Amino acid sequence: WTAVSEVTFGRDDSGDSGFSVSVDRRLNDAWSVGGVVELNSSTTPLRAYREDIESDLAGIDFTYRRDESFGINGGLRTQDFSDSNTKNSAFVDGHWRWVTGPRYKLDITGAAYASSASEIPTPYFNPASDRELQVGLDNRWLQYRRYDQSVLHRLHVQAGTYDQKNLGTDGIWSLDYDVIWSVDDALDLRGGWRRAKRFYDGESEYQTFYRVGLDWRF
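What you see is a predicted model; the values in this text were computed from it and never measured. (Residues numbered from 1 in each chain as written. Predicted model: local features only at pLDDT ≥ 70, side-chain atom pairs only at ≥ 80, totals over all residues. Heavy atoms only, no water.)

Asks: Could you clarify how one ought to interpret the environment of Leu142 in this entry?
Replies: Along the chain, Leu142 falls in strand S8 (residues 129-146). With 11 residues separating them in the primary sequence, Leu142 and His153 have C-alpha atoms 6.4 Å apart. Residues contacting Leu142, with those up to four places away along its chain left out, are Pro102, Arg103, Ser150, Val151 and Leu152. (Helix = DSSP H or I, 4+ residues; strand = E, 2+ residues; numbered from the N terminus. Contact = heavy atoms within 4.5 Å.)

Asks: When you look at the pairing of strand S12 (residues 203-216) in this model, what are you seeing that I'm missing?
Replies: If a strand is regular, its side chains alternate between the two faces of the sheet. Where strand S11 (residues 187-200) and S12 come together, 14 bridges link them in antiparallel fashion. Of the residues in S12, the one forming a bridge with Arg195 is Thr208. What sits between the antiparallel neighbours S11 and S12 is a turn of two residues, in which Asp201 has the positive phi angle 50°. (Pairing = 2+ DSSP bridges.)

Asks: Is there a simple way to think about the layout of surface pockets in this case?
Replies: Over the atoms rolls a probe the size of a water molecule, and its path tells where empty space is left. If you add up the space inside the largest pocket, you get close to 1,100 Å³. For the largest pocket, the lining is made up of 38 residues, of which Thr43, Lys87, Tyr113, Phe125 and Tyr200 are closest to its centre. Top contributing element to the lining of the largest pocket by residue count: strand S6 (residues 86-100), with five residues. Here the lining of the largest pocket is built from residues that sort into 16 nonpolar, 10 polar and 12 charged. Each pocket or cavity is described by its volume, and for the second largest pocket that value is around 420 Å³. (1 Å grid on protein atoms, 1.4 Å probe; cavity = no way out; pocket = protein on both sides within 12 Å on 5 of 7 lines; lining within 4 Å. Points joined across faces, edges and corners; volume = space filled by probe spheres on them. Nonpolar A, V, L, I, M, F, W, Y, C, P; charged D, E, K, R; others polar.)

Asks: Teacher, can you tell me more about unusual backbone geometry here?
Replies: Most peptide bonds take the trans configuration, and most residues that are not glycine carry a negative phi. Between Ile120 and Pro121 the backbone carries a cis peptide bond, its omega angle lying at -5°. Topologically, Pro121 is positioned in the loop between strand S7 (104-117) and S8. Backbone geometry at Asn40 places phi at a positive 50°, although glycine is not the residue there. With respect to the helices, strands and loops of the structure, Asn40 is situated in the loop between strand S3 (31-39) and helix H1 (46-50). The phi angle at Tyr147 is positive, at roughly 55°, despite the residue not being glycine. Inspection of the secondary structure puts Tyr147 in the loop between S8 and strand S9 (149-164).

Note that every value here comes from positions in space, so none of it alone points to a role or purpose.
Structure representation (structure tokens):
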């Protein structure tokens, strides 16, 4: 069993805190199942918060991991908003190792997503129904390793289609680049960049993100 809980503060002007807990049960070497509950969910759109709308979320998950070369996971979610809207969604994603080497690895990735909502229109992004399908290549290059120290580069390229009810279908893509520096067996430092094209309410939108992270095991 694995359980993880999280408390969030200050995501909106109301000052209300949020809470989430997820539980996973490993059934055997390949299969695991789990669930998640979020009160005042952090996945609530910011535009909803600005209209004093909050949401709670519940879901179930499954994971099948045959080995390092192949794995798939998916889940179902239901999200109840305080404006009486209910959003139901399902997702699945996976990877298959195509190239395995001492310094370079290449995975073929895929992901699918679908959702539906009970109340439209709303003051936040809330399609009556939508579907998304993507495939990609996940490149990992180990530039340096000495004992517990290493430097890893990751480049993940994805492309696919997004369809929103009554507003058509368009192509989407994303490009992610990250560098992970393992200082020792307890500390990892990471930095990355993301450029993506999305499709919202019939309009294309281009996004750029920068990210930094720290993992410290104690």
